[in-house]
Amino acid sequence: MYIKRIFTKFLPLTLLGVMFVFYMSQQSGSEKTFKLLDTLIELQSSQIINTAKQLELMNASHAVNDSTTEGEELLVTTRQWFDERPQVSPSLKRDSEHPRFRGYLIENPNACEAVPVDILIYIHSSPENRDIRSAIRETWASTNTFSDISVKLIFFIGGVNDKDLQLQIETEYSTHGDLVQGNFLDVFTNLTYKAVTMLTWVNSHCFQAKYVMKVDDDMFVDTFAAVREIVPQLAPKPLAVACDYKVHMPIPRDPKSRWNVPPHLVPKRTHWPPFCSGYFAVFTSTLIPILYEASFTDKDFVPGDDVYLFGLLSEQKNISYEVVNIQRRILPIEKPKAEDEVFSIQKFQHLAFRVPNPDIQRKLWSVRFQVLSNWEKAHSYFHNTFLRAKAKGTLLV
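Residues numbered from 1 in each chain as written. Predicted model: local features only at pLDDT ≥ 70, side-chain atom pairs only at ≥ 80, totals over all residues. Heavy atoms only, no water.

A. Molecular detail of the nonpolar core. Membership of the largest hydrophobic core comes to 56 residues, with the highest contact counts inside it found for Ile 121, Trp 140, Met 213, Val 227, Ile 230 and Phe 280. In terms of residue count, the dominant contributor to this core is helix α9 (residues 223-234) (seven residues). With near-sequence residues (within four places) excluded, Ile 121 lies in contact with Trp 140, Ala 141, Val 151, Lys 152, Leu 153, Ile 154 and Met 213. Residues Ala 111, Cys 112, Cys 276 and Val 307 belong to the second largest nonpolar core, which totals 49 residues. (Core = buried A, V, L, I, M, F, W, Y, C linked by side-chain atoms within 4.5 Å. Buried < 20%, exposed > 50% of the residue type's maximum accessible area, 1.4 Å probe, protein only. Helix = DSSP H or I, 4+ residues; strand = E, 2+ residues; numbered from the N terminus. Contact = heavy atoms within 4.5 Å.)

B. Structural context of the state of the cysteines. Tallied over the full model, the rule gives two disulfides. Residue pairing for Cys 112: its cysteine sulfur links by disulfide to Cys 206, the two sulfurs lying 2.1 Å apart. A torsion of -80° about the S-S bond marks the disulfide between Cys 112 and Cys 206 as left-handed. Within this pair, whereas Cys 112 is found in the loop between β1 (104-106) and β2 (119-124), its partner Cys 206 is found in the loop between α8 (191-205) and β5 (211-216), the two being separated by 94 residues in sequence. (Disulfide = S-S within 2.5 Å.)

C. Region of interest: α9. Taking 1.5 Å of rise per residue, twelve residues should cover 16 Å, and α9 covers 16 Å from first to last C-alpha, within 8% of that figure. All of the buried residues in α9 are Thr 223, Phe 224, Ala 225, Ala 226, Val 227, Ile 230, Val 231 and Leu 234. (Expected span 1.5 Å × (residues − 1).)

D. The arrangement of the packing of helix α6 (residues 130-138) against helix α7 (residues 163-176) in detail. Between α6 and α7, the shortest axis-to-axis distance is 12 Å and the interhelical angle comes to 10°. One way to sum up the angle between α6 and α7 is to call them roughly parallel. For the element pair α6 and α7, the recorded crossing hand is right-handed. On α7, the residues touching Arg 130, Arg 133 and Arg 137 of α6 are Gln 168, Glu 172 and His 176. Across the contact of α6 with α7, the residue classes break down as no nonpolar, two polar and four charged. (Axes fitted to C-alpha atoms, helices over the stretch in contact; angles between N-to-C directions. Parallel < 35°, antiparallel > 145°, perpendicular 65-115°, else oblique. Left-handed = near helix turned anticlockwise from the far one by under 90°. Nonpolar A, V, L, I, M, F, W, Y, C, P; charged D, E, K, R; others polar.)

E. The arrangement of the side chain of Ser 314 in detail. Summarising the element assignment, Ser 314 is placed in helix α11 (residues 305-316). The exposure class of Ser 314 is buried, given its relative accessible area of 7%. With residues near it in sequence (within four places) discarded, Ser 314 still touches Leu 291, Leu 309, Ile 319 and Tyr 321.

F. Representation of the packing of aromatic side chains within the structure. In total, this model carries 21 aromatic pairs according to the counting rule given. Between Phe 220 and Phe 348, the ring centres sit 5.4 Å apart and the planes meet at 70°, which makes this aromatic pair edge-to-face. One end of the pair, Phe 220, is in strand β6 (residues 219-221); the other, Phe 348, is in the loop between α12 (339-345) and β11 (352-354), with 128 residues separating them in the sequence. Phe 348 carries the same exposure label as Phe 220, and that label is buried. A network of ring pairs unites the aromatic residues Phe 146, Phe 220, Phe 224, Phe 348, Phe 353, Trp 365, Phe 369 and Phe 382 as a single cluster. The lysine or arginine in question, Lys 93, covers the ring of Phe 296, its NZ or CZ lying 5.0 Å from the ring centre. Of note, Lys 335 hangs over the ring of Phe 353, and the distance from its end group to the ring centre comes to 5.0 Å. (Phe/Tyr/Trp six-rings, centres within 6.5 Å; stacked < 30°, edge-to-face > 60°. Lys NZ or Arg CZ within 6 Å of the ring centre and 35° of its normal.)

G. Geometry of the sheet that holds β5. Across the sheet, eight strands lie side by side as β1-β4-β3-β2-β5-β8-β7-β9; this open sheet has mixed pairing. The sheet is open, and its two edges are formed by β1 and β9 (322-325), each paired on a single side. Direction aside, the axes of adjacent strands within the sheet are offset by 30° on average. One ladder, built from four bridges, connects strand β7 (residues 240-246) with β9; its direction is parallel. Among the inter-strand pairings, Val 241 is bridged to a residue of β9, identified as Val 323. Each of β2, β3 (151-159) and β4 (179-185) is contacted by α6, which is oriented at about 170° to β3, the strand it contacts most. Contacts from helix α10 (residues 287-294) reach β5, β7 and β8 (275-284) within the one sheet, and its direction differs from that of β8 by about 130°. (Pairing = 2+ DSSP bridges.)

Listed below in C-alpha cells is the structure:
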C-alpha cells in the first residue's frame, strides 16, 4: 500500500527545487548549508531523468524509516489519521438536476481518478492569478510536500469574458491539470456558485479524499503545521470543521460594502447563523455529500460562500458538525517580515496568513524548510529523498 501510494505521486519537482535553492541561498548559513543546496540541485536533475530510479529510492526510504523505532512510530501514527477515516459514499443525486449548479467550462473529471487522496487542497482562485497559482504549486500546496501523505491540489475558478485570458486558462489546465472552471462569471457576488461547483465536483470526482482544505489564493499555509496540528483533532470526529468560527455576525447591509447583502435576501434576519470563515478551513470529507444534497433545496442563496456552506445550509437542514476553532492560529491579514519569526522562534506564529505576492510565497516556504521538526523531517518528501540519495552514495555533501 505504501509503495502504491508513493508510485502515484507526480515525481518531477523542477520549479519547487529551483525556487527552494534560490531563496535558501539568500539566507545566511554555514558552509554545510550551501553544500546541501548544491546537492538539492543535483537531486532535482536525477528525479526528472529517471522515475524508475525514484521508485527504487522510495523503497529504500521505507526500509530506512522502519529501521528506527521513532521513525516507524511517527509514520504509523500519522497514517492512522487517514486510513482509519470512514470511506465516503458520494450522493447519487444528479448534477444535471441541481438548481444552483451551472455546469463546467473545464470539468477535469480524472484529476483524482484511481489515486489515493488524503488531503484535497481546494483553492478559490481568480482566473487572472496565474502567477499566484504557480507559486502555490511550487511551495506549500505542492503534491510532493509529503512522502507518505497524498495531496491533491485543485484550483476552482469561474468564467471570463476575455478570449485571450480564457485561452491562457486552457493552456494552464493542459500544462498542470489542476484547474476546474465553473460555467459562471468569476465575480465576487458569484462566489457561492464556486462553492456549489466544488461540492458537485468533489462529490462526483474526488470523493475518496479524507480531508478537504479550503484556502483563498492570497494565503500562505504552513502545510506541515496545518496537518500536524489540525488533522489529529479532526480524525476521530465523524463530521468536523477546523476554522475561524464566527458567532453572532451581523449581516452587512451597506450598499457601498463589497460584502453587501441586498435587502431582499434573508430579509427577516439581522445576523448570520454561526459559520466558518472561508479564507482557511479544513473539514472532514464526510461533509461533502451531506452539504451537496442540502444545496439542492436551499432557501437562501446569498453572495457569501462561507456563510452559505457552513452556516445557512447547516442550519436549514439541521446538519450538525463539530467545530475546532483555530481562530488564534490563522490570520486573515498580511504579516510583514513573517520570516523573522522562523529565525527567532523556529516556526511561524500562525499556520496560515495572507501574503502580498507570489515571491513572498516562495520565500516563506524556503525559509520554512530550514526548521523542520522531527515529525516534519520524517514525512517530508523533499527531505527524505535527499537523505535516501545520500545514503545510497548517489550524492556528495
